[in-house]
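Working through the structure, step by step
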Amino acid sequence: MKKFEYLIKDEIGIHARPAGLLVKEAKNFESKIMLVKDGKSAEATKLMAVMGLGVKCGQNVEVTVEGPDEDAAFDAMKTFFETNL
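Reference entry: report on the structure contained in this document. (Residues numbered from 1 in each chain as written. Predicted model: local features only at pLDDT ≥ 70, side-chain atom pairs only at ≥ 80, totals over all residues. Heavy atoms only, no water.)

With 15 residues, helix H3 (residues 70-84) should cover 21 Å at 1.5 Å per step; its first-to-last C-alpha distance of 20 Å lies within 8% of that length. Listing the buried residues of H3 in full gives Glu-70, Ala-73, Phe-74, Ala-76, Met-77, Phe-80 and Phe-81. (Helix = DSSP H or I, 4+ residues; strand = E, 2+ residues; numbered from the N terminus. Expected span 1.5 Å × (residues − 1). Buried < 20%, exposed > 50% of the residue type's maximum accessible area, 1.4 Å probe, protein only.)

Counting residues in hydrophobic clusters, the biggest one holds 26 residues, and the most contacted among them are Ile-8, Ile-33, Leu-35, Val-63 and Phe-81. Put simply, the parts of the chain that give this core at least two residues each are strand S1 (2-7), helix H1 (16-26), strand S2 (32-37), strand S4 (60-66) and H3. Considering each element in turn, this core owes the most residues, 6 residues, to H3. Apart from residues no more than four positions distant in its own chain, Ile-33 is found in contact with Ala-26, Ala-42, Glu-43, Ala-44, Val-63, Thr-64, Val-65, Ala-73 and Met-77. (Core = buried A, V, L, I, M, F, W, Y, C linked by side-chain atoms within 4.5 Å. Contact = heavy atoms within 4.5 Å.)

Further remarks concern the environment of Val-63. Examined against the element boundaries, Val-63 turns out to sit in strand S4. Judged by its relative accessible area of 0%, Val-63 is buried. Residues Val-63 and Lys-37 lie 26 residues apart in sequence; the distance between their C-alpha atoms is 9.2 Å.

Turning our attention to the sheet that holds S4. Across the sheet, which stays open at both edges, the 4 strands sit in the order S1-S4-S2-S3 with antiparallel pairing between neighbours. Both outer strands of the open sheet, S1 and strand S3 (40-43), are each paired with one neighbouring strand and no more. Within this sheet the neighbouring strands show an average axis-to-axis angle of 25°, counted without direction. Judged from the 6 bridges that link them, S1 and S4 form a sheet pairing that is antiparallel. Bridged to Glu-5 within S4 is Glu-62. Across the sheet, H3 is in contact with S1, S2 and S4; its angle to S1 comes to roughly 0°. (Pairing = 2+ DSSP bridges. Axes fitted to C-alpha atoms, helices over the stretch in contact; angles between N-to-C directions.)

Here is the structure:
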């Protein structure tokens, strides 16, 4: 399993547009990708679960990746967060 923490810089947080893009990106991989904020977790392939975390600007999110293609998925998620959030 690989994981990283990311401080959300998008002034609106993880709202509908980036959440949709995140889900689309996560579905490219077999690995299970989870987001965790304040003890609540959501699978990155489930849009409503991701939005349900209510992640705002300035909050930390922990991203964990586990599975057969976790190296590629980890790199893609890290790049996605740095580029979009």
